Amino acid sequence: MTRWGLIGASTIAHEWVIDAIRATGGDIVSLLSSNAERGKAYAAEHGIPNAVTELSALVEDPQIDAVYISTTNELHKAQALAAAKAGKHILCEKPLAVSLSDARDMVEAAKAAGVVMATNHHLRGAGTHRAMRDAIAAGRIGRPLSARVFHAVYLPSHLQGWRLDKPEAGGGVILDITVHDTDTLRFVLGDDPVEAVAFTQQGGMAKAGLEDAVMGVLRFKSGVIAQFHDGFTTKFAETGFEIHGTEGSLIGRNCMSQRPVGTVTLRNAEGEQELPVDHQNLYETALINFHAAIAGKGKPLCSGEDGIWSLATGLAVVKAAATGQAVSIESGL
């Protein structure tokens, strides 16, 4: 059994990750929160035996094998470096950091310490995206030419905090949602982005100069071009993910979601057919892979290196929107 420490009394841990850890054979033994009162209440609510306020008290606990980091993004680096130094395996929320140099330092520290490090890009666990990836690998749409991602949503009130008013924490829709688009495209296509163009919008929700919507295009090494639309302000849109190739198209609907939902339609010269989709809890899929990687049986669903790629792309989109120019994407890996 993998024994976990939670770094951050977060909403995502409350809603998804705590249950996923336990459902996949893990146990949670301690929680770190900078607010002692909040930490104790959160731990009690979730049946976690210990709550601490100092990072060292958690990462140096011999009862802990792995940590899940879900604090705000500017805190990730120091917390990951401390965990790696203490020999703890690391599952970190995206984006890994607010700068590429920080993200690379985190990945390198984990490698040097010989611990598993993963990025929590949950959409790799979606049955819809796995069905699309498998269909492309089987040649069912020929050579991919283009893609479209619809990931404009409405940010619920309980999440309308730092994402909207803290640039230093990596706020804004790009580092929150566009990074997910990037990772999903890389996963499904088996390809890496090389260039970005984008426009951002302030639709009245975000403050402090942050964007709350973005549209743009990514160019991939293979020549595939991918359009994306991400937003915090879109109340009535449906999410979707499409790949169009020389011999057919894959149409994913309602699939850019934390929930195991959505459909995939294959459309080609023979007509349309709905592909079978194996809907499983996305976070449990990630935790199954993470626990296996700790045991030396395979790799995480989304590695630290994958997290560097999504951050590099997100930062390129930010720069492209700010400058009005195409920006090259390099992960530095």
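Look a little higher up for the structure.
Since this is a predicted model, take the numbers as computed values, not measurements.

S.K.: How should I be thinking about unusual backbone geometry in this particular structure?
M.R.: Leaving glycine aside, a negative phi is the common case for residues, and trans is the common case for peptide bonds. The omega angle of the peptide bond from lysine 94 to proline 95 is -20°, so this bond is cis rather than trans. Within the secondary structure, proline 95 sits in the loop between strand 5 (89–92) and helix 5 (100–113). Backbone geometry places asparagine 254, a non-glycine residue, at a positive phi of 55°. Mapped onto the elements, asparagine 254 comes out in the loop between strand 12 (248–253) and strand 13 (263–268).

S.K.: How should helix 10 (residues 304–323) be read in this particular structure?
M.R.: Since the α-helix turns once every 3.6 residues, residues separated by three or four places project in the same direction. The terminal C-alpha atoms of helix 10 lie 29 Å apart, and with 20 residues this matches the ideal 28 Å at 1.5 Å per residue to within 8%. N-cap assignment for helix 10: the residue whose side-chain oxygen lies 3.3 Å from the backbone N of glutamate 305 is serine 303.

S.K.: Can you help me understand the sheet that holds strand 5 in this one?
M.R.: For sheets, the rule is that strands pair by backbone hydrogen bonds, running either parallel or antiparallel. An order of 3-2-1-4-5-6 is seen for the six strands of this open sheet, with the pairing classed as parallel. Strands with a single pairing partner mark the edges of an open sheet, and in this sheet they are strand 3 (50–52) and strand 6 (117–119). Between one strand axis and the next, the sheet turns by 20° as a mean value, whatever way the strands run. Where strand 5 meets strand 6, three bridges bridge the pair, whose relative direction is parallel. Residue pairing across strands places cysteine 92 opposite threonine 119, the latter belonging to strand 6. The strands touched by helix 2 (residues 36–46) are strand 2 (27–32) and strand 3; relative to strand 3, the strand with the most contacts, the crossing angle is about 160°.

S.K.: Would you mind showing me how to read the sheet that holds strand 10 (residues 225–231) here?
M.R.: Read from one edge to the other, the open sheet built from nine strands follows the order 14-13-12-11-7-10-9-8-15, with strand pairing classed as mixed. In the strand order of this sheet, the two ends are held by strand 14 (271–274) and strand 15 (327–328), each with one partner. Bridge analysis of strand 12 against strand 13 gives six bridges, and the strand direction is antiparallel. Looking across to strand 13, one finds that serine 249 is bridged to arginine 267. Strand contacts of helix 10: strand 8 (193–201), strand 9 (213–220), strand 10 and strand 15, with the helix running at about 50° to strand 8, the strand carrying the most contacts.

Rules and cut-offs
Residues numbered from 1 in each chain as written. Predicted model: local features only at pLDDT ≥ 70, side-chain atom pairs only at ≥ 80, totals over all residues. Heavy atoms only, no water. Helix = DSSP H or I, 4+ residues; strand = E, 2+ residues; numbered from the N terminus. Expected span 1.5 Å × (residues − 1). Polar contact = N/O pair within 3.5 Å; in protein donor to acceptor, adjacent residues only side chain to side chain. Pairing = 2+ DSSP bridges. Axes fitted to C-alpha atoms, helices over the stretch in contact; angles between N-to-C directions. Contact = heavy atoms within 4.5 Å.

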